[in-house]
Amino acid sequence: MNNTSDQPAVQIDCLYSAAQIQQRVQALAVQIDVDYSQSTGELVLVGLLNGAVMFLADLSRSLQTPHRLDFMQVSSYGDQQASSGQLRVLKDLDGNICGKHVLIVEDIIDTGHTLQQTLARLAKRQPASLHVCTLLDKPSRRRVAVGVDYVGFQIEDVFVIGYGMDDAQQYRHLPYIGVKH
Ligand code: IMP
Ligand code: MG
């Protein structure tokens, strides 16, 4: 390994510890199990890559409700190009969701553009139901209204990393959620 002492020191403050995250994920899973206990038909958890991968893995293993896993990788053009309403789909679902109960699993909702466009796309495939579970929500940053059914933590307008979330593809591996300074 090269000596990295010439790199500027990065300070990361812990916002939610690994233990706090696990506790919240367990509570979300209990709530989801209750809500889907009366549903007939298959439940599909749709993880939005890459950020939701840690959350999806932990949530899936905490659920009692049998379910399938599927993945999408999307990116929204964001504020500047929002008028185009374009969602870039880098990877679409493998399976058919028609008639199935779909729960989108997201790492964080910021402006809401990505989720709004993903929901619109999946709704056209006529799932039996379509709901959203996000680990983090930054409501103060919202630009478009989106219905979110399950929220792990509401946070202030800070940029977070860890537990799947990145800053230029770094820090996804951290077991906790931090704020980089
Ligand atoms: P939105 O379309 O503005 O809601 O952005 C949603 C996506 O932007 C999330 O799924 C994340 O991948 C990314 N994102 C937004 N805020 C953060 C953050 O604080 N840290 C890391 N990624 C973020
Ligand atoms: Mg995401």
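What comes next is a walk through the structure. (Residues numbered from 1 in each chain as written. Chains lettered and ligands numbered in written order. Predicted model: local features only at pLDDT ≥ 70, side-chain atom pairs only at ≥ 80, totals over all residues. Heavy atoms only, no water.)

1. Remarks on the pairing of strand β5 (residues 101-109)
As a reminder, the rule being used: Each residue's exposure class comes from its accessible area (1.4 Å probe, protein chains only) as a fraction of the maximum for that residue type: buried when under 20%, exposed when over 50%, partly exposed otherwise. Helix and strand labels come from DSSP, where a helix needs a run of H or I of at least four residues and a strand needs a run of E of at least two; each type is numbered from the N terminus. Two strands form a pair only when DSSP identifies at least two bridges running between them. Looking down the strands as they point away from the viewer, one classifies a crossover as right-handed if the path from the first strand across the helix to the second runs clockwise.
The buried fraction of β5 is high, at nine of nine residues. For strand β2 (residues 43-49) and β5, the ladder comprises five bridges, and the chain directions are parallel. Residue pairing across strands places G47 opposite V105, the latter belonging to β5. Looking at chain direction, β5 and strand β6 (residues 129-137) are connected through eight bridges and run parallel. Note that in β6 the partner of I108 across the bridge is L136. In this fold, the crossover linking β5 to β6 by way of helix α3 (residues 113-123) has right-handed handedness.

2. Examining the sheet that holds β6
Put simply, the rule is: Between N-to-C directions, angles span 0 to 180 degrees; the directions come from axes that are lines fitted to C-alpha atoms, helices contributing only their stretch in contact. The contact criterion used is simple: two residues touch if any of their non-hydrogen atoms lie within 4.5 Å.
Ordered by their spatial adjacency, six strands build an open sheet running β4-β3-β2-β5-β6-β7, and the pairing between neighbours is mixed. The sheet terminates laterally at β4 (87-91) and β7 (150-154), the two strands that pair on one side only. Each adjacent strand pair in this sheet contributes to an overall mean axis angle of 30°, direction not counted. As paired strands, strand β3 (residues 67-76) and β4 are joined by four bridges and run antiparallel to one another. Note on β4: the bridge partner recorded for Q73 is K91. Each of β2, β5, β6 and β7 is contacted by helix α1 (residues 18-36), which is oriented at about 160° to β7, the strand it contacts most.

3. Here we look at unusual backbone geometry
Going from L49 to N50, the amide bond is cis rather than trans, its omega being -5°. One can find N50 in the loop between β2 and α2 (53-62). For Y171, which is not glycine, the phi torsion reads 75° and is therefore positive. Along the polypeptide, Y171 turns up in the loop between β8 (160-161) and β9 (177-180).

4. Re the site of ligand 1
Applied cut-off: A cutoff of 4 Å decides nearness: a residue is near a molecule or strand if any of its heavy atoms lies inside that distance of it. A 3.5 Å cut-off defines polar contacts: any pair of N or O atoms within that distance qualifies, except that in protein one atom must be a possible hydrogen donor and the other a possible acceptor, and neighbouring residues in sequence count only when both atoms are side-chain atoms. Per-residue and other accessible areas were derived by the Shrake-Rupley procedure at a 1.4 Å probe size, with only the shown protein chains allowed to occlude residues. Think of it as three bins: nonpolar holds Ala, Val, Leu, Ile, Met, Phe, Trp, Tyr, Cys and Pro, charged holds Asp, Glu, Lys and Arg, and polar takes everything else, Gly as well.
Around ligand 1, the surrounding shell holds 14 residues, and the nearest of these are D107, T111, G112, T114 and V160. Contacts to ligand 1 include E106, whose side-chain N or O atom sits 3.0 Å from an oxygen atom. One of the backbone nitrogen or oxygen atoms of D110 is found 2.9 Å away from an oxygen atom of ligand 1. Relative to its unbound accessible area of 490 Å², ligand 1 is 82% covered by the protein chains. Top element by residues in the shell around ligand 1 is β5. It accounts for four residues. Here the residues of the shell around ligand 1 are counted per class, giving five nonpolar, four polar and five charged.

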